[in-house]
Structures are given as structure tokens and as C-alpha cells.
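Listed here are the chains, written in short residue letters.
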Amino acid sequence: MYESFHFQWLALPWLPMAIMGTAVAFIIGFQNNATYNRLWEARKIYGAIVNSSRTWGMMVKTFITNKQAQQPLSDNELKAVHGRLIYRHIAWLTALRHQLRQPREWETMSKNYNIEYKKFFTVSEHETSLENDITFYLSAADTKYILSKQNRAVHIINLQAEDLKELLNRGLIDNFRHIELQRVLSDLYEHQGKCERIKNFPYPRQYATLNLYFVWLFVIFLPYGMIPEFEKLGHYMTWLTIPFCVLVSWIFRTMDKIGESSENPFQAGPNDIPITALSRTIEIDLREILDEMNLPKPIEAKNGILM
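Just so we're clear, the structure is a prediction, and the values are computed from it rather than from any experiment.

Participant: Mind showing me how you'd approach the overall build of the protein here?
Facilitator: In terms of regular secondary structure, the protein is built from 11 helices and zero strands. Walking the protein from its N terminus toward its C terminus, one meets helices and strands in the order α-α-α-α-α-α-α-α-α-α-α. For a compact globule of 307 residues, the expected C-alpha radius of gyration is about 19 Å, and the protein comes in at 28 Å, more than 25% above that figure. Referenced to the eigenvectors of the C-alpha coordinate spread, the extents of the protein come out at roughly 100 × 35 × 30 Å. Relative to all contacts within the protein whose residues are 6 or more apart in sequence, the contacts with residues 24 or more apart total 78%. Carbon and sulfur atoms provide 61% of the accessible area of the protein, an area that totals close to 16,800 Å².

Participant: Just checking my understanding: could you explain the pattern of salt bridges for this structure?
Facilitator: If charged atoms from side chains of opposite charge come close, those side chains can pair. For the structure shown, the criterion picks out 20 salt bridges. For the salt bridge of Lys-61 with Asp-291, the shortest nitrogen-to-oxygen distance reads 3.0 Å. One end of the pair, Lys-61, is in helix 1 (residues 14–63); the other, Asp-291, is in the segment after helix 11 (275–289), with 230 residues separating them in the sequence. Each member of the salt-bridge network shares a partner with another, and the members are Arg-84, Arg-88, Asp-142 and Asp-163.

Participant: Help me out: how do you make sense of helix 7 (residues 152–169) in this one?
Facilitator: Every α-helix winds through 3.6 residues per turn, so residues three or four apart in the chain are directed the same way. Between its first and last C-alpha atoms helix 7 spans 26 Å; for 18 residues at 1.5 Å apiece the expected length is 26 Å, and the two agree. When we look at burial in helix 7, the residues that qualify are Ala-153, His-155, Ile-156, Ile-157, Leu-159, Gln-160, Asp-163, Leu-164 and Leu-167.

Participant: Is there a simple way to explain the nonpolar core in this structure?
Facilitator: A general feature of soluble globular proteins is that nonpolar side chains tend to end up buried together. Among the nonpolar cores identified, the biggest contains 51 residues, and Tyr-46, Ile-49, Ile-64, Trp-92 and Phe-266 are the most heavily contacted of them. Secondary structure elements with two or more residues in this core: helix 1, helix 2 (75–100), helix 5 (130–134), helix 7, helix 8 (175–200) and helix 11. In contact with Trp-92, other than residues within four places in its own chain, are Ile-49, Ala-153, Ile-156, Ile-157, Leu-188 and Gln-192. Within the second largest apolar cluster, 10 residues are counted, among which are Val-215, Phe-218, Leu-222 and Cys-245.

Participant: Explain helix 8 here, please?
Facilitator: Under the 1.5 Å per step criterion, the end-to-end length of helix 8 is 37 Å for 26 residues, consistent within 8% with the ideal 38 Å. Here helix 8 has its buried residues at His-178, Leu-181, Val-184, Leu-185, Leu-188, His-191, Gln-192, Cys-195, Ile-198 and Lys-199. Tucked into the core, helix 8 has its buried residues touching helix 1, helix 2 and helix 7. Residue Asp-174 occupies the N-cap position of helix 8, its side-chain oxygen lying 3.3 Å from the main-chain nitrogen of Phe-176.

Participant: Would you mind showing me how to read unusual backbone geometry here?
Facilitator: Most peptide bonds take the trans configuration, and most residues that are not glycine carry a negative phi. If you check the backbone angles, Ala-268 has positive phi at about 70° while not being a glycine. Relative to the assigned elements, Ala-268 resides in the loop between helix 10 (241–261) and helix 11. Unusually for a residue other than glycine, Asp-291 sits at a positive phi of about 65°. Accessibility expressed as a relative area gives 56% for Asp-291, which makes it exposed.

Participant: It is not clear to me how the packing of aromatic side chains should be interpreted in this structure. Could you clarify?
Facilitator: Given two aromatic rings, their pairing is described by the distance between the two centres and the angle made by the two planes. Enumeration according to the criterion identifies six aromatic pairs in this entry. Between the aromatic rings of Phe-136 and Tyr-137, the centroid separation amounts to 5.2 Å while the plane-to-plane angle is 80°, which identifies the pairing as edge-to-face. A cation over an aromatic ring shows up here: Arg-177 above the ring of Phe-63, its NZ or CZ 5.3 Å from the ring centre.

Parameters at a glance
- Residues numbered from 1 in each chain as written.
- Predicted model: local features only at pLDDT ≥ 70, side-chain atom pairs only at ≥ 80, totals over all residues.
- Heavy atoms only, no water.
- Helix = DSSP H or I, 4+ residues; strand = E, 2+ residues; numbered from the N terminus.
- Rg over C-alpha atoms; globule rule 2.2 N^0.38 Å.
- Contact = heavy atoms within 4.5 Å.
- Areas by Shrake-Rupley, 256 points an atom, 1.4 Å probe, with all protein chains shown as cover.
- Salt bridge = Lys/Arg side-chain N within 4 Å of Asp/Glu carboxyl O.
- Expected span 1.5 Å × (residues − 1).
- Buried < 20%, exposed > 50% of the residue type's maximum accessible area, 1.4 Å probe, protein only.
- Core = buried A, V, L, I, M, F, W, Y, C linked by side-chain atoms within 4.5 Å.
- Polar contact = N/O pair within 3.5 Å; in protein donor to acceptor, adjacent residues only side chain to side chain.
- Phe/Tyr/Trp six-rings, centres within 6.5 Å; stacked < 30°, edge-to-face > 60°.
- Lys NZ or Arg CZ within 6 Å of the ring centre and 35° of its normal.

Just distances and angles here, no functional claims.
Put into C-alpha cells, the structure is as follows:
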């Protein structure tokens, strides 16, 4: 319209566009920094879960002995106690990842562009139920008890604490080692609470929504400011407004999408924390502590996406 019909009034001064673009860039930078911090904090929390889990396995095997037992157990019975506590911890990992994969209203995996992308990966927590996944690691009584609760992961740790108290009463753990094992359980509670804080409290909607509006406002007005700038280079150079507007708009919109993809690090998206793979790694480590040979295989990436 500007070039063919000579609608000169379509051209706007570049200065307002530059000021608007600078403001939008600051807002996008703030969003990306904030959402990346959520993502990185979630990864650090799961790194701490890995460390605490290995510590739990080591302590269970070395702290629970017949040294002060009122009625010493046989080697097989002692191994069964170790296995019960370690397998119950794997059940806690399973319950936690199932809870963290449950969708929330503000998460973005239900949007059309993410639904289309889901054909490239699978989320095991959405394919199988917690009951099917957890039965292998718990007794029938424990499974029935846990499935009757709302926050299953919390009550698995409660079962661990009750079990430790019973072992203390039987003299299979001394007071000092009992306190140390309880401290690890306390750490696991803390890790779970941190995960739930990120999962249940979204990136503030006022920032995310206004950011989207400001980006589109800038994209709409951008060509009107570019036209007179390219005209300074020559009469027919105004046509360069089209490709350069597309390029600049794509950059700003992509930066906005990058921030959105990091908002919810537990929503089962391709850029989220691979808690399923991390849980499998912990399971392998713990079952090796029990000297088991028939171990599950590590989870591999599918189409370059590790869940």
C-alpha cells in the first residue's frame, strides 16, 4: 500500500518503534531469566534427590545390622530388611514423579502446538497408572495403604519412618544411626516440598500474559517504523521491510516461546527435567547396592528427547 498506492501516512517515525522494542526486549529478558531459574532450580532439586537416594541406600545397608539386636536376624532376613527399605524408597520416587507429571490448568502441554509435538515422545506416567508402577516395589499391605491416600509420596516416607522406629526398638539400629537415617528422610521431605512448590505455583500470569500482548503489539507496529528507514536507502529498498520484519518478529516471538517452554519444568514437555530417566538411574544404583544382577536398563532418549 505504501509503495503501490503511495499511502505515505503509513510510515511512522522509527524512534517510537525503537523505544517499544527496547521495552519488549527487557520484558522478554526478565521472563526468560525468571523461567530459566525455575527450570534450573528444579534440576538442582532432582540432583539433590539423586544424592540423598544414594546416601539412603548406603546407610540402610551399613547401619542396619545385628550388632546390638535383641534377636539377631539371619543373613537372608537382614537382606530382606535392606531390600524392603530400599525398594520402598524406589516406590517413593515412582509416586513423586507420577504426582509431578499430573497436569495443571496453567501448563501449556494442552495447547495445540504442543499436542502436535507429542508424537515425537512418550510420557510413561501418562501411559501407565501409579498402581501398576508401584506394586513391584511394595508389599500388598503397603500398596493398599498408599493408594488410599492423596499424597502418596508423603505417606511412603511415613512408612519408612515407622519401619525405622520398629527396627530401633528391636536393636537393629542404634540411636545415632537412627537419627542419621531420619535426617535423610527429612531431606527427602524437603526435596519433595521444593518440587511441589514449583509444580503448584505457576510463573505469575500477569507477567506471562502482558509479555505476550507487548510482543504482538511490537510485531504489529514494526513494519510501519521500518518503511521510512529502508526508503532512505533507495526508492525500491522499501520492499526489504517485508523480510526484515519477518526476521525481527520471529526473533522476538521465539524468545517469548523459549520463556514459555521453561515455565513449568515438571509438565512432561520435551524441554523439562527428565525425572523418569533420573528415577531409573537412582533405581539402578540402589539395586546394585543390594548386589542384584537383573537390573532395569537406563531410559534412552527418543528422537533426542529424554523424559
